[in-house]
Amino acid sequence: MRALESVLGQRFDRLQLVIALMPSADRTRAIAERAAERNIRIELVDVDDAHEAAAFDAGLMAARGDYVLFMRADDWFGPRALETLLQVAEDADLDFALPLRIGDGTKIAAELAEDTDTLIYGSAPEVRAAAAAWVEAGAFDAVTGRLLRRSRIEDLALRMSLTRDPSAYMAAYLEGCESAAWVPAARFHAGGDVCATQADQTGIEGFERERALLLELTHRWNAGDEATLAVNRHHLRQVIACINEVCARRAISSIERCERVRDILEAPATREAVAALNRDVEARRAMGLMYGPIVRKNAVACCLSARVAAWMGAPQDMLSRRRPAVA
């Protein structure tokens, strides 16, 4: 209901809300059907496939607007967020607009954006030059919570059911993108931790593929050393998410837990990221408690650090992340 109300409560009517109904045993269908009866802007589509990629594609097929924005059932928008995002996109004729994402794996604090104006990149070279900032802002982490031009998706023949990987989807979309913006006045609340969810679903292998993809992309964009550092910072945060996910499992022994963490620590991509960040003092500080044990490949210390942070209810990157150029 919070997701529905946050969309329908926006102060503009040029809106189509497509609800893709996947197989479920909860009250989702009843809630959606009641809402559709009361509001002609709502359209329901049934999805037999239990994978959310199929739901995204089904929603896209039913969409008729110039712009689309995917969201999950536990996401929601701040007041006037969609209106603000769309206004910026239409005024500047954007291909991509990223709101301020709150509450997900990017952990971007809202106060960082209080005095920041909308940043618009009006050409493909400008979009590529901001590669480090897009990585830091989590632009490649998910397909949810960003405004995309529907015609561009169609021209590129992008389908989540084909790529399955959000990073590959967003990399393909942003490749050659002619205009983009970060809009801090538009607040998108991500209900789940994207990084933790990916850690649970794909493990370190998925994050290693994402790192390789982003390194290749930033290399093609000639984005420079700062973009490479941003990718490695991003990867180490994902490594921390994987360690936290392993340590949160109750069904494995402490010996097996340490062995899995050790495998993560000794993975080539992890060691390459550590080596790259040894020259970045600020990034090392931003990694918080976990960075030292990762450098030393100390699996036991990593497990203890994860337990302490879980007990305190705090993320491993307990200090504020460095502020990227667009977020």
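Residue positions are counted from 1 within each chain, in the order its sequence is given. Local features are withheld for residues below a pLDDT of 70 in this predicted model, meaning they are given only at 70 or higher, and side-chain atom pairs are given and counted only at 80 or more; totals for whole chains, interfaces and linings count all residues. Remark: hydrogens and water are excluded; side-chain values derive from all non-hydrogen atoms of the structure.

Trainee: Lay out the confidence of the model for the chain with the relevant residues and their values.
Mentor: Taken as a whole, the chain shows an average pLDDT of 85; of its residues, 87% reach a score of 70 or greater. Throughout residues 105–112 the model reports pLDDT below 50, and contacts reaching past four residues in sequence, or to other chains, amount to 20 contacts. By definition, pLDDT measures how confident the predictor is in each residue, and it falls between 0 and 100. It only takes one pair of heavy atoms within 4.5 Å for two residues to be counted as in contact. Here residues 316–327 scores under 50 on pLDDT; set against residues more than four positions off or in separate chains, the count is 45 contacts.

Trainee: Describe the pattern of salt bridges, naming the residues involved and giving the relevant values.
Mentor: A side chain of one charge can pair with a side chain of the opposite charge when the charged atoms of the two come close. Salt bridge, as used here: a side-chain nitrogen of Lys or Arg that lies within 4 Å of a carboxyl oxygen of Asp or Glu. Taken as a whole and judged by the stated rule, the model has 19 salt bridges. The salt bridge involving Arg 64 is made with Glu 43; its shortest N-O contact spans 2.9 Å. Here Arg 64 is found in the loop between helix H3 (52–62) and strand S3 (67–68), whereas its partner Glu 43 is found in strand S2 (residues 42–46), with 21 residues between them in sequence. Accessible area is worked out with a 1.4 Å probe on protein chains only. A residue is then buried under 20% of its type maximum, exposed over 50%, and partly exposed in between. Overall, Arg 64 belongs to the exposed group, its relative accessible area being 57%. Here Glu 216 makes a salt bridge to Arg 220, at a shortest N to O gap of 3.1 Å. Separated by four residues within a single helix, Glu 216 and Arg 220 lie in helix H10 (residues 194–220), roughly one turn from each other. For Arg 220, a relative accessible area of 42% gives the class partly exposed. Members of the salt-bridge network, linked through shared partners, are Glu 136, Glu 226, Arg 233 and Arg 237. Helix and strand assignments come from DSSP, with helices taken as H or I runs of at least 4 residues and strands as E runs of at least 2, each series counted from the N terminus.

Trainee: Give a detailed account of the side chain of Ser 167, specifying residues and quantitative values.
Mentor: For Ser 167, the position within the fold is in helix H9 (residues 166–174). Here a polar contact means two N or O atoms within 3.5 Å. Within protein one must be a hydrogen donor candidate and the other an acceptor candidate, and residues neighboring in sequence count only if both atoms are side-chain atoms. There is a polar contact of 3.0 Å between the side chain of Ser 167 and the backbone oxygen of Phe 140. Ser 167 has contacts with Phe 140, Glu 210 and Leu 213, leaving out every residue within four places of it along the chain.

Trainee: Describe the packing of aromatic side chains, listing the residues and the values that go with them.
Mentor: For Phe, Tyr and Trp, rings pair up if their centres lie within 6.5 Å, where Trp contributes its six-membered ring, and each pair is then called stacked (planes under 30 degrees apart), edge-to-face (over 60) or tilted (otherwise). Summed over the entire model, instances satisfying the criterion amount to five aromatic pairs. Taking 6.5 Å as the distance between ring centres and 50° as the angle between the ring planes, the aromatic pair formed by Phe 96 and Tyr 173 counts as tilted. Remark: Tyr 173 occurs in helix H9 and Phe 96 occurs in strand S5 (residues 96–102); sequence separation between them is 77 residues. One exposure class covers both Phe 96 and Tyr 173, and it is buried. A connected cluster of aromatic rings, assembled from ring pairs, spans Phe 96, Tyr 121, Trp 134 and Tyr 173. Sitting over the ring of Trp 76, Arg 2 keeps its end group 3.7 Å from the ring centre. Only when the NZ of Lys or the CZ of Arg is both within 6 Å of the ring centre and within 35 degrees of the ring normal is a charge said to sit over the ring. Above the ring of Tyr 173, the side-chain terminus of Arg 152 is found at 5.2 Å from the ring centroid.

Trainee: Before we move on, could you go through the nonpolar core and cite the residues and values that matter?
Mentor: Nine residue types can take part in a nonpolar core, namely buried Ala, Val, Leu, Ile, Met, Phe, Trp, Tyr and Cys, and a core is a set of them joined through side-chain atoms within 4.5 Å. By size, the foremost hydrophobic cluster in this structure holds 40 residues, and its most contacted members are Phe 96, Trp 134, Phe 140, Leu 148, Tyr 169 and Met 170. The biggest single contributor to this core is H9, with five residues. If sequence neighbours within four positions are ignored, Phe 96 has contacts with Trp 134, Ala 139, Arg 146, Leu 147, Leu 148, Met 170, Tyr 173, Leu 174, Cys 177, Ser 179, Ala 180 and Ala 181. Within the second largest apolar cluster, 27 residues are counted, among which are Leu 21, Leu 82, Ala 181 and Val 183.

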